[in-house]
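Observations on the three-dimensional arrangement
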Amino acid sequence: MRGRRAAFLAAGLLLAAGWAPSAFGAELTGFVSGRRVSPVVFMLAALALGVLIQGLRVRERGLPLVRGVTTLSIFLLLWEFAVWVGLITTILLPPPTLVLQKLDALWLSGYLGWHLLSTLRRFTLSFALAVGTAFPLGVLVASIPRAFALLHPVITFVRMIPAPAWAPLSILWLGLGDPPAIFIVWLAIFFPIFLNTIRGIHDALPVYREVIRTLGGGRWDEVREATVPSALPAVLTGIRVGFGFGWVVLATAELIATDSGLGWLIHVAYTQVDSPTVLAAMTLICWTGVLLNSGLRELERRLVPW
Amino acid sequence: MDPEAARRLLFDKAPTGGWTSLYEYVYDPAPVLSSEAFLLAIVAVVGLLWAVRRFTPPVLARGGLTIGVVLVLWEAVPTLGILNPVFFPPPTAVLDKMAVHWQRGWLPQHILASLGRFSIAFGLAIAIGVPTGFLISLSSRLWGYVGSILYFIRGIPPPAWLPIFILWAGAGNPAAVFVVFLGAFFPILIGTVDGFKKADPVQIETVRTFGGNRFDVFWEVQVPTSLPDIVIGIRIGLGIGWMMLIAAELAVARLGTGVGWMITHARIWYDSAVIMGGMVVIAIMGLAVDLVLRRALARWADLPRA
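Quick summary incoming for the structure in this document. (Residues numbered from 1 in each chain as written. Chains lettered and ligands numbered in written order. Predicted model: local features only at pLDDT ≥ 70, side-chain atom pairs only at ≥ 80, totals over all residues. Heavy atoms only, no water.)

A word on the layout of surface pockets
Counted only if it meets this: Within this scheme a cavity is a closed region of a 1 Å grid, computed over the protein atoms alone, that accommodates a 1.4 Å probe without allowing it to escape, whereas a pocket is open but has protein on both sides within 12 Å along at least five of seven lines; lining residues each have an atom within 4 Å of a point. Grid points are joined across faces, edges and corners, and a volume is the space filled by probe spheres set on the points. Numbering of helices and strands starts at the N terminus; helices are DSSP runs of H or I of at least 4 residues and strands are runs of E of at least 2.
Estimates place the volume of the second largest pocket at around 1100 Å³. Residue lining of the second largest pocket: 35 residues in total, with A:F157, A:V158, B:V70, B:W74 and B:V280 positioned closest to the centre. Counting only elements with at least two residues in the lining of the second largest pocket, the list comes to α7 (111–143), α8 (147–159), α9 (167–174) and α10 (178–203) of chain A together with α4 (58–79), α5 (91–103), α6 (106–138) and α13 (272–297) of chain B. Of the residues forming the lining of the second largest pocket, the biggest block, six residues, is contributed by α13(B).

Here we look at the interface of chain B and chain A
Definition in use: The contact definition used throughout considers only heavy atoms, calling two residues in contact when any of these lie within 4.5 Å. Computed with a 1.4 Å rolling probe, the buried area is the accessible surface lost when two parts are put together, summed over both parts. The working definition used for a salt bridge is a side-chain nitrogen of Lys or Arg within 4 Å of a carboxyl oxygen of Asp or Glu. Identification of polar contacts relies on pairs of N or O atoms within 3.5 Å, with a donor-acceptor requirement for protein atoms, meaning one able to donate a hydrogen and the other able to accept it, and with residues adjacent in sequence counted only if both atoms are side-chain atoms. Basically, the charged four are Asp, Glu, Lys and Arg, the nonpolar ten are Ala, Val, Leu, Ile, Met, Phe, Trp, Tyr, Cys and Pro, and anything else, Gly included, counts as polar.
Counting residues at the interface gives 51 residues for chain B and 52 residues for chain A. Each partner contributes to the roughly 4700 Å² buried at the junction of chain B and chain A, and carbon and sulfur atoms together form 81% of this total. Inspection of the region where chain B meets chain A yields zero salt bridges. Seen at the junction of chain B and chain A, the total is three residue pairs in polar contact (both at pLDDT 80 or more). Counting residues per element, the ones that place at least two in the side of chain B that touches chain A are α4, α7 (140–155), α8 (158–169), α11 (214–251), α12 (259–268) and α13 of chain B. Per-element accounting of the side of chain B that touches chain A gives the leading share, eleven residues, to α13(B). The residue inventory of the side of chain B that touches chain A, partitioned by class, reads 38 nonpolar, nine polar and four charged.

Focus: the nonpolar core
Operational definition: Definition used in this section: a nonpolar core is a set of buried Ala, Val, Leu, Ile, Met, Phe, Trp, Tyr and Cys residues joined via side-chain atoms within 4.5 Å. Classification of residues uses two cut-offs on accessible area relative to the type maximum, computed with a 1.4 Å probe and protein chains only: under 20% is buried, over 50% is exposed, and between them is partly exposed.
Ranked by size, the top nonpolar core spans 138 residues in total, and within it A:F194, A:I266, A:M282, B:F118 and B:F122 carry the most contacts. Excluding residues within four positions of it along the chain, B:F122 makes contact with B:A184, B:I188, B:I234, B:G237, B:L238 and B:L293. Listed in part, the five residues of the second largest apolar core include B:I204, B:V207, B:V217 and B:V221.

Some thoughts on the packing of α6(B) against α11(B)
All names here are of chain B. Put simply, the rule is: A fitted line through C-alpha atoms represents every axis, and for helices the fit uses only the stretch in contact; the resulting angles, taken between N-to-C directions, go from 0 to 180 degrees. Left-handed describes a crossing whose near helix is turned anticlockwise from the far helix by less than a right angle; the clockwise case is right-handed.
Their axes nearest at 8 Å, the elements α6 and α11 cross at an angle of 145°. For the pair α6 and α11, the crossing hand works out as right-handed. When its residues are assigned to classes, the contact of α6 with α11 shows 13 nonpolar, five polar and three charged.

Read these as layout, nothing more, since geometry by itself doesn't imply function.
Next up, the structure:
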């Protein structure tokens, strides 16, 4: 645990070195003021981080975090170095320092934050819609006998159409902008939750329902006390799968259909051959996705301890 | 073009339906099936399936009934004028357009292009994903070092890679193949790693006791036990890869081929019949690819039939 804390401390120090204006003189404050960080300083910092982490490894062997950070710093180092000596053209693959500078400048101007909020708004809206429709519909279909058996062929067929394939039709129906994006993200999240709800309810042991019956509960008690809780783990699996699909489909939808959001930013920066912004937006999408995903995991652990 | 045809194109067709009719003129779709014949055929097929339901698996009669009802509703709603046929064309119109596309050789070309892209990317994903999974599992040290980079690459939705990859490799097949590869690679990798963990220590010890070396343990115990999970990973990768194929074909307008490109091109012409036909073709292709893969993989693992 000590090694882990030390690694976090080292990473924090490095970040602070970049962000705190007075700490290391003018050169390192570059990316706060919008100027570029010197490649030399960046490479030295990455190298220092790597060495530091490797030094810690001697005490805490086999720490995955230490190794991971080591590779990352070597990777960044090589990347920066390759651009610096001219192995790669900056337009094709801008160096990390340039990407950092873009991230910083776009973030400070509020541009990146606005698009991030736009993406998040779209995602939460479709996610809430999908959970709010898929779960009740799943419970409904599962509790009507033979309903699922009748619907199954149609569902199988519709599910074989990937959500992005609905994009042209939904753009035609709803126009460009938010509605088609929300529609196809909703569709991508809907099916995993819907099908998992049905499966969870079908797989639930009938004993619990019979216990409720024996104790004098009605049909509603049965659904609320036995069916839903026993299906909940499967539902949450569906939510996690749908969450991943939805995030990917949202990126697609924003590339094609919308006029804001991180996907749109990537697309527009690409049309202007502004590859630092493309990479900055990709980085932000990556971080956001990872953060949301770990948040969801935490939520799942709290909600379904059984 | 002779003057008479030019006059017809300009003055006879255009005023009645605008752009769409110009498109019709270029297409010249001949009606394949009238509405009445279509409805009759559906009633006949569903009735036949229902009549012989004792001798066939129950899926056929039930599925026929549900799909028949859906098709009849789909035909009736635009034909009766409840929805505008320009945006919601009946299946007979879809059939007409698809017949033209098939006769002129466009549809086969698009299907082959999509399948070619998909099989190259998916083959690469299996060929690289499974060995990488094995390597990572064999050495926890390697996993510690490579994991962080893979984690960040995985965090970026594959479609978001499109613009930067188009900058690197041009707006052609490589970009689409790369996106499909990224989509399919990670589930296969994770499946391999998961399966590897399930190797029974007792079996490993047994092989060791009988004088087996590390390779024997790998080949006789660890590979066979991880096969079912690899197969699961491959099937998940198939779903995501298929979705990524359509997304890439939608987003890379310069591809010029592929079923996804066909539907997004049809959107520009407001040709919803071709969009719907393309979606049906995509669904059928997805079912076929899934079926073929399931047959091929059935040797390696017990797969659910539905």
